[in-house]
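Listed below are the residues making up each chain.
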Amino acid sequence: MYGNFVFRDRKFISLESTVSTNNELKRMIRNSDSPVFAVVSAENQTGGRGRLGRSFFSPSGGLYFSVSLPLRGDENNIPFLTLLAGLAVSKAVQELTGAEIEIKWPNDIYLGGKKLGGILCELVNGKTLAAVVGIGINLSIKREEIPSELENIMTSFVSSGIIPPEKDILIEKIVEKLDTYVYTQKELYEVSEDVLNDIKERSFSIGKKVKYTLGETLWEGTVTDIKKSGAAEIALSDGTVREIFCGEITQ
Ligand code: BTN
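Residues numbered from 1 in each chain as written. Predicted model: local features only at pLDDT ≥ 70, side-chain atom pairs only at ≥ 80, totals over all residues. Heavy atoms only, no water.

1. A word on helix H4 (residues 193-201)
Inference 1: Along H4, the residues classified as buried are Val195, Leu196, Asp198 and Ile199. Angular distribution of buried residues about the axis of H4 spans 160°; they occupy a single face of the element. Exposed residues pointing more than 90 degrees away from the buried face of H4 are listed as Asp194 and Glu201. (Buried < 20%, exposed > 50% of the residue type's maximum accessible area, 1.4 Å probe, protein only. Helix = DSSP H or I, 4+ residues; strand = E, 2+ residues; numbered from the N terminus. Arc of directions from axis to C-beta.)

This is the structure in structure tokens:
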């Protein structure tokens with residue numbers, strides 16, 4: 001089960017336990033002189049990380065993996081890549097289980113109105129520039145195993161009554177889709193119209209009334225659109241329209 005193999009030019013490394021698969025892959029990239037094409041997965045993470053410095057609950061029974069994407073570009077790639085990763089997860093899960101996955105801007109994977117997983121994209125400036133896309137999905141965690149403070153917001157396939165896909169098959173399908181999306185884009189800063197429409201169709205956020213917070217900023221409004229850059233568009237209560245790239249929206 002644990003070990004290494006190569007699939008479609010990518011090295012797959014599966015670990016029993018690690019602090020964070022993103023950390024592990026970033027370390028590999030920093031220590032390499034040449035671009036790294038790899039996937040690192042773990043049965044559990046002892047220090048799984050989410051966006052905005054949060055921790056990501058990562059017990060056994062979930063899928064935790066990170067994919068490296070050697071890139072040219074800069075941090076502008078991050079919102080765009082997060083959207084593509086969300087779409088890759090949504091399509092892969094739908095093909096394997098029939099379940100409809102939505103994407104809560106910018107990085108949450110939603111099933112039935114609750115968080116099934118999340119995406120953490122990070123840039124690594126080693127000897128080569130790369131992005132690391134970390135994906136965590138709750139597969140077989142049972143309802144009673146979900147911590148009480150998370151039970152209203154978190155779900156898993158099993159607690160939603162869906163048979164989870166095989167881990168290896170799900171990883172391969174997500175990686176295949178992510179590679180296709182990333183490497184068929186003409187520009188690495190925005191998505192094509194077709195891909196954008198697919199993303200919008202799966203958006204949990206469009207049409208929702210939200211609070212937006214970033215540092216001291218607090219806005220209330222309605223999410224009206226998702227942009228090619230990865231930004232969300234919000235129409236504020238006072239009539240102004242803003243594009244947001246980072247921060248958080250809550251309902
Ligand atoms: C979030 O919910 O804010 C993002 C969660 C991302 C979790 C994944 S699990 C694999 C990879 N390793 C990490 O430490 N984080 C990501």
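2. Observations concerning the sheet that holds strand S10 (residues 217-226)
Inference 1: The antiparallel open sheet is built from five strands, whose spatial order is S12-S11-S10-S9-S13. At either margin of the open sheet sits one strand with a lone partner, and together these are strand S12 (241-244) and strand S13 (248-250). Neighbouring strand axes in the sheet, compared pairwise and without regard to direction, differ in orientation by 45° on average.
Inference 2: Of the pairings in the sheet, the one linking strand S11 (residues 232-236) to S12 comprises four bridges and is antiparallel in character. Bridge pairing links Ala235 to Val241 in S12. (Pairing = 2+ DSSP bridges. Axes fitted to C-alpha atoms, helices over the stretch in contact; angles between N-to-C directions.)

3. Quick word on the packing of aromatic side chains
Inference 1: In total, this model carries three aromatic pairs according to the counting rule given.
Inference 2: Taking the centre distance of 6.4 Å and the plane angle of 80° together, the rings of Phe56 and Tyr64 count as edge-to-face. Taken as a pair, Phe56 and Tyr64 share a single burial class, namely buried.
Inference 3: Seen in terms of ring centroids, Tyr212 and Trp219 are 5.3 Å apart; in terms of plane orientation they differ by 35°. Their pairing is tilted.
Inference 4: Look at Tyr212 and you get buried, because its relative accessible area is 4%.
Inference 5: Over the ring of Phe204 we find Lys208; its NZ or CZ atom is 3.9 Å from the centre of that ring. (Phe/Tyr/Trp six-rings, centres within 6.5 Å; stacked < 30°, edge-to-face > 60°. Lys NZ or Arg CZ within 6 Å of the ring centre and 35° of its normal.)

4. Points about the pattern of salt bridges
Inference 1: Tallied over the full model, the rule gives 16 salt bridges.
Inference 2: Of the charged contacts in the structure, one is a salt bridge between Glu95 and Lys173, with a shortest N-O distance of 3.1 Å. Note that Glu95 is positioned in helix H2 (residues 77-97) and Lys173 in helix H3 (residues 167-184), a separation of 78 residues in sequence.
Inference 3: Between Lys227 and Asp225 there is a salt bridge, with the nearest N and O atoms lying 3.4 Å from each other.
Inference 4: Residue Asp225 is classed as buried on the basis of its relative accessible area, which comes to 16%. (Salt bridge = Lys/Arg side-chain N within 4 Å of Asp/Glu carboxyl O.)

5. Observations concerning the environment of Gly118
Inference 1: With respect to the secondary-structure elements, Gly118 resides in strand S7 (residues 114-125).
Inference 2: Along the chain, Gly118 and Phe204 lie 86 residues apart, while their C-alpha atoms are 13 Å from each other.
Inference 3: When sequence neighbours within four positions are dropped, the list of residues in contact with Gly118 reads Phe56, Asn107, Ile109, Gly134, Ile135 and Gly136. (Contact = heavy atoms within 4.5 Å.)

Worth remembering: the numbers are spatial, not functional.
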